[in-house]
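# Summary of the model geometry
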Amino acid sequence: MTSRTWQHRFLNAFVVYFLIGPVMGVAWNCIWTLLSEEIIYPENKEISVWISFAIGYTGSLLAAHFQDNIYQFATRHGFPFFFVVSRLYSYAMFFVSGNAWRAIWEGLDFYTGVSERNALVTSLAAYAALLILRSSRQVVFAPCVLSMDFPLDDYFKATSYFGVKKKTGFAHIGDTLFSVFFVGTLGYVVWRGFWQYMDVIIFPDDGTASGICSLVISYGINLLLTVLEPPMVWLSRKLYKSHYLLGLMFEDVIIFFTIISCINFWRGYGLLYFIFIPGGALRFWLGHYLCCLILFFSMAFNSVIARGCAFEGLETDGQGVVGGIEYLGNFTQMWKSKPDSLKRGTCANIFSTCSQAWQIDRERGDPISHTALQVHDKITSDNPTSPQDADAFTLILSEEKAEKNSILHNNKPNNVISRNGVDYVVS
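Scope of this entry: the structure provided in the associated data block. The written sequence of each chain sets the order in which its residues are numbered from 1. The predicted nature of this model means local features are confined to residues of pLDDT at least 70 and side-chain atom pairs, given and counted, to a pLDDT of 80 or more, with totals for whole chains, interfaces and linings taken over all residues. Think of the side-chain values as coming from all heavy atoms in the structure, minus any hydrogens and water.

The subject of this paragraph is the environment of F311. Under the DSSP-based scheme used, a helix requires at least four consecutive residues in state H or I and a strand at least two consecutive residues in state E, with every element numbered from the N terminus. Residue position: F311 is located in the loop between α10 (281-297) and α11 (328-336). Relative accessible area decides the class of each residue, using a 1.4 Å probe on protein chains only: under 20% of the type maximum gives buried, over 50% gives exposed, and in between gives partly exposed. Its relative accessible area of 21% is what places F311 among the partly exposed residues. Separated by 173 residues in sequence, F311 and Q138 place their C-alpha atoms 6.9 Å apart. The contact definition used throughout considers only heavy atoms, calling two residues in contact when any of these lie within 4.5 Å. For F311, the contacting residues outside a window of four places in its chain are L133, R134, S135, R137, S160 and Y161.

If you look at the biggest cluster of nonpolar residues, it comprises 93 residues, and the most contacted ones within it are W101 and W191. Excluding its chain neighbours within four sequence positions, the residues that come into contact with W101 are W28, W32, F141, G187, Y188, W191 and A306. By nonpolar core is meant a set of buried Ala, Val, Leu, Ile, Met, Phe, Trp, Tyr and Cys residues that side-chain atoms within 4.5 Å join together.

Moving on to a nonpolar patch on the surface. Patches draw on residues past 30% relative accessible area with no salt bridge. Two like charges within 9 Å are joined, as are two nonpolar side chains (Val, Leu, Ile, Met, Phe, Trp, Tyr) within 5 Å. Note that accessible areas follow from Shrake-Rupley with a 1.4 Å probe, and for residues the cover is restricted to the protein chains shown. Each salt bridge in this description consists of a side-chain nitrogen of Lys or Arg and a carboxyl oxygen of Asp or Glu lying within 4 Å of one another. A cluster of nonpolar residues, W6, F10, L223, L224, V227 and L228, forms a patch on the protein surface that exposes about 560 Å² of accessible area. Secondary structure elements with two or more residues in the nonpolar patch: α1 (6-39) and α7 (207-227). Ranked by residue count, the leading element in the nonpolar patch is α7, at three residues.

Two elements in contact, helix α6 (residues 170-201) and helix α9 (residues 244-276), have axes whose closest approach is 10 Å; the angle formed by their N-to-C orientations is 65°. Crossing geometry of α6 relative to α9 is assigned as right-handed. Contact residues: W191, F194, W195, M198 and D199 in α6; F256, I259, I260, C262, I263, N264, W266 and R267 in α9. Under the scheme applied here, ten amino acids are nonpolar (Ala, Val, Leu, Ile, Met, Phe, Trp, Tyr, Cys and Pro), four are charged (Asp, Glu, Lys and Arg), and all others, including Gly, are polar. A breakdown of the residues in the contact of α6 with α9 according to their chemical character gives ten nonpolar, one polar and two charged. Only the contacting stretch of a helix is used when fitting its axis, a line to C-alpha atoms as for every element, and angles between N-to-C directions run 0 to 180 degrees. With the far helix as reference, a near helix turned anticlockwise by less than a right angle produces a left-handed crossing, and one turned clockwise produces a right-handed crossing.

Structural measurements only, silent on function.
Here it is in structure tokens:
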């Protein structure tokens, strides 16, 4: 990251902060307004908040728990099928995330009121809890960090706080519940409190001046962080080598300013869109769908979805203070590696189908038979694989702890035959 030229850093920052970022900010403010005033029972605020809570948190839990199942389904029929499923998933999760945020934000407004003291106390308490959990990075969202729509393997990924694997059963469920209900909610509370405090201190009686001032604050911080990126990386690395806590504290300071920048960015564009774009509810419907289409085809729609946990203190080489807004380089890399990305879906399809056939053989007590090979040959005749796919397929099976009659690479017994660069044990 730090080896990038200053021209690349500034060009990338320009694209993210002046093109992609504003679209995200408008998309979020439009969906929020529509949920509050048009879609979710606007006649009764209390009922509306609880409906949003049910939609937001139920959807978030299901997406986190079944992320592997969703990935296997989406990659079953190649890239066109994946593209359609992933776009539908992104839009659904956008709706789910908007409801979760709105439920906590407007729920606190309804039950505790809106005041300067309320905003400060709730936000600082939640922020302190995130610092203790080493998860203040949880509060940083687009455009200060981007989650691109690739690589495909990570598209549906929602990290949990403890990283418990799904096969552990109740431990995984508990980890998911803690991540969604506690860690995720703390992030919503921080945003609400900081946002409302800025409503009080930044030209509270002049929406236009307040919005412009928020954008000036955001762009000023972003410009400063972009210019100071190389020395910040150097200092962070030195501090981590000196003492881990020093490096962590410095990283937390940078993250704090990033949070302020991010909240002001969304607040500024939200206020100005509301003031200068006429048309009543229609402006929010048009803004919502237009922004979603732009994000769909710019491969950045994943950035508007709030899911998973993020941590600081993991990158002691200084990269923890680098803004995760690499768009141009990632986009170029995606197009260069597009054929390999398409093959990963085929590889997952092969693995899923063959594993089912092999499970049938195991239940019968047979070694891997020609049944599995026939299934493999049928799939590869429709979707030819490359040696790279074969290696990936082999790696998946080895991670599943395949037994002696699974794929073997280095030592081929007499009952091993090859198909498209992959070795199989046959009966």
